[in-house]
Amino acid sequence: MIVFRDPAQVPADFGPSAVAIGKFDGVHAGHREVISRLQADAATTGARAVAVTFDRNPLALLRPDLCPDNVVSVERKLELLGELGLDATLVLAFDEALASLSAEAFVEQILVGALQVTAVLVGEDFRFGHRGAGTPDLLRELGPRYGFTVDVVEDVYIEGSDRRVSSSWVRELLAAGDVRAAAQVLGRSVDVRGEVVHGLKRGRELGFPTANLSERVDAFVPADGVYAGWLVDHDTGIRHPAAVSVGTNPTFDDVLVRQVEAHVIDEDSLDLYEHDVSVEFVERLRGMVAFNGIEELMTQMAADVVAARTLLLGSSET
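Each chain carries its own residue numbering, running from 1 in the direction its sequence is written. Reporting of local features is limited, given that this is a predicted model, to residues whose pLDDT is at least 70; pairs of side-chain atoms are given and counted only at 80 or more, and all residues count toward the totals for whole chains, interfaces and linings. Side-chain measures were taken over the full set of non-hydrogen atoms in the model, leaving aside hydrogen atoms and water.

> Would you mind showing me how to read the overall build of the protein here?
Here a helix means four or more residues in a row that DSSP labels H or I, a strand means two or more in a row labelled E, and each is numbered from the N terminus. Of the regular secondary structure elements, the protein holds 10 helices and 12 strands. Here the C-alpha coordinates of the protein stretch approximately 75 × 40 × 40 Å along the principal axes. Between two residues, a contact is recorded if the distance between any of their heavy atoms is within 4.5 Å. Contacts in the protein between residues far apart in sequence, at least 24 positions, make up 71% of those at least 6 positions apart. When the accessible surface of the protein is totalled, it reaches about 15100 Å², and 48% of it is carbon and sulfur. Only four residue types enter the tally: Lys and Arg on the positive side, Asp and Glu on the negative side, with His and both chain ends excluded. Where a charge lies is defined by one atom per residue type: Lys uses NZ, Arg uses CZ, Asp uses CG and Glu uses CD. Here the protein holds 28 positive side-chain charges and 50 negative ones, and the gap between their average locations is 3 Å. Accessibility throughout is a Shrake-Rupley quantity obtained with a 1.4 Å probe, and a residue counts as covered only by protein chains that appear here.

The following block contains the structure:
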């Protein structure tokens, strides 16, 4: 997938394009439906399938007090969009200039001028242009003048729920530690990616060595607690079953920031330092609690490993 960071980077002969516009935060099941429809529309006309998104949530500039945490980083968003088979994504810098651009100028300069758009796909609640004046109805009005059609994709629902899929819902589920439900809403696994760094090595001392991820990860970290999951080592391509801890280790009360650390099940001698890894969360086993001493903690850690092994591998045997 080609990534453009500015409309000026789009070659003059790049189009025609079918374009989907949105924040695409998390690239959840609703976004995936939009992209699927986009690709179908592009295939019927021979156009390129292009996503147009932003380098930040517009609220970060317009109302920072109301701006939620991102579900994924911009780079992770681009990676996920690329996995869906798009031809290109245009990432717009949401700055004062873009925020003050009128809705019609947005269409004329970016969609028509840069991308030579023939079809535009948006969600029902999509807004664009200065003060959010751009709506699906405005796009329909402008379409005949500029030569593009408009496809408004209806809200997506997962089976058994009457709540529409949204990034807000994903955040709520992750904040509650419900990674299984979050994966359903996302339409993919819940994961975070980062570099393995040196920690206090307390897990090794207790007989449960862990791979500690750096503070800088690429996605919203689920609620504190212990999870069954997988550690994917991108340096080796190996996927390891793991018991995963998120939190500040309240038993010892000497960890200042939340950590994601993964104990690879039945592997005590792996050297993962400085490896690029992802931790996939499958199921929350319990919340994070402070134990009355090391022995109680070690007993619980052993039980967590057994529970994770059973859930992931179907066996409690070592």
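> For this particular structure, what's the right way to read the sheet that holds strand β5 (residues 117-123)?
Read across the open sheet, the six strands follow the order β1-β4-β3-β2-β5-β6; overall the sheet is parallel. Of all strands in the sheet, those with a lone pairing partner are β1 (2-4) and β6 (149-153), marking the two edges. With direction set aside, neighbouring strand axes in the sheet form an average angle of 20 degrees. DSSP-based pairing: two strands are paired if at least 2 bridges between them are found. As a rule, the C-alpha atoms of each element are fitted with a line to give its axis, helices using only the stretch in contact, and angles between N-to-C directions run from 0 to 180 degrees.

> Looking at this model, I keep getting lost on the pattern of salt bridges. Mind explaining?
Here the idea is simple: oppositely charged side chains can pair when their charged atoms come close. Only one rule defines a salt bridge in this text: a Lys or Arg side-chain nitrogen within 4 Å of an Asp or Glu carboxyl oxygen. Applying the stated criterion to the full structure yields 20 salt bridges. One salt bridge connects R188 with D191, and the closest N-O pair in it is separated by 4.0 Å. Here R188 and D191 have matching classes, each one buried. Connected through shared salt-bridge partners, R76, E79, R188, D191, R193 and D276 make up one network. Classification of residues uses two cut-offs on accessible area relative to the type maximum, computed with a 1.4 Å probe and protein chains only: under 20% is buried, over 50% is exposed, and between them is partly exposed.

> Quick question: what am I supposed to make of unusual backbone geometry here?
Peptide bonds are, in most cases, trans, and in most cases residues other than glycine have a negative phi. The peptide bond linking G15 to P16 adopts the cis configuration, its omega dihedral lying at 5 degrees. Here P16 is to be found in the loop between β1 and β2 (17-21). At R131, a position not held by glycine, the phi torsion is positive, near 55 degrees. Within the secondary structure layout, R131 lies in the loop between β5 and α6 (136-146). In this structure R131 comes out as exposed when scored by relative accessible area, which is 76%.

> What is the right way to read the nonpolar core from this model?
Note on soluble globular proteins: their nonpolar side chains tend to be buried together. By size, the foremost hydrophobic cluster in this structure holds 53 residues, and its most contacted members are L38, V192, V244, V260, V279 and F281. Once residues lying within four places of it in the same chain are set aside, the contact partners of F281 are V179, V190, D191, V192, P222, Y227, A228, V244, V246 and V260. Side-chain atoms within 4.5 Å link the members of a nonpolar core, which is a set of buried Ala, Val, Leu, Ile, Met, Phe, Trp, Tyr and Cys residues. A88, L90, L92 and V122 belong to the second-largest nonpolar core, a separate cluster that totals 33 residues.

> Can you help me understand the sheet that holds strand β7 (residues 190-197) in this one?
The six strands are arranged β7-β8-β11-β10-β9-β12 in a closed barrel whose pairing can be described as antiparallel. The sheet shows a mean angle of 45 degrees between the axes of neighbouring strands, direction not considered. The sheet contact formed by strand β10 (residues 238-247) and strand β11 (residues 259-264) spans six bridges and is antiparallel. When the sheet's bridge partners are listed, A243 is paired in β11 with H263.

> Help me out: how do you make sense of the environment of G314 in this one?
Along the chain, G314 falls in the segment after α10 (294-313). Along the sequence, G314 and D6 sit 308 residues apart, while their C-alpha atoms lie 49 Å from each other.

> So what exactly am I meant to see when it comes to the environment of L101 here?
By the element assignment, L101 lies in the loop between α4 (96-99) and α5 (103-114). For the pair formed by L101 and H130, sequence separation is 29 residues and the distance between their alpha carbons is 5.4 Å. Residues in contact with L101, not counting those within four places in the same chain, are F106, Q109, I110, G129 and H130.

> Sorry, what's going on with the packing of aromatic side chains here?
Working definition: a ring pair exists when centres of Phe, Tyr or Trp rings (six-membered ring for Trp) sit within 6.5 Å. Plane angles under 30 degrees give stacked, over 60 give edge-to-face, the rest tilted. Taken as a whole, this structure holds five aromatic pairs when the rule is applied. A ring pair is formed by F4 and F14, whose centres lie 5.3 Å apart and whose planes are at 90 degrees; its orientation type is edge-to-face. Here F4, found in strand β1, pairs with F14, found in the loop between β1 and β2; they are 10 residues apart in sequence, far enough to count as distant. Aromatic pair Y227 and F281: ring centres 5.1 Å apart, planes at 80 degrees, arrangement edge-to-face. Note that Y227 is positioned in strand β9 (residues 225-233) and F281 in strand β12 (residues 276-286), a separation of 54 residues in sequence. On the basis of relative accessibility, which here comes to 3%, the residue F281 falls in the buried class. The structure contains a cluster of three or more aromatic residues connected by ring pairs, namely F106, F126 and F128.

> Looking at this model, I keep getting lost on the pairing of β7. Mind explaining?
Looking along a regular strand, one sees the side chains alternate between the two faces of the sheet. Here six bridges tie β7 to β12, and the two strands are oriented antiparallel to one another. For G194, the partnering residue across the bridge sits in β12 and is V277. With two bridges joining them, β7 and strand β8 (residues 211-213) adopt antiparallel strand pairing. The residue bridging V197 from the neighbouring strand is N212, located in β8.

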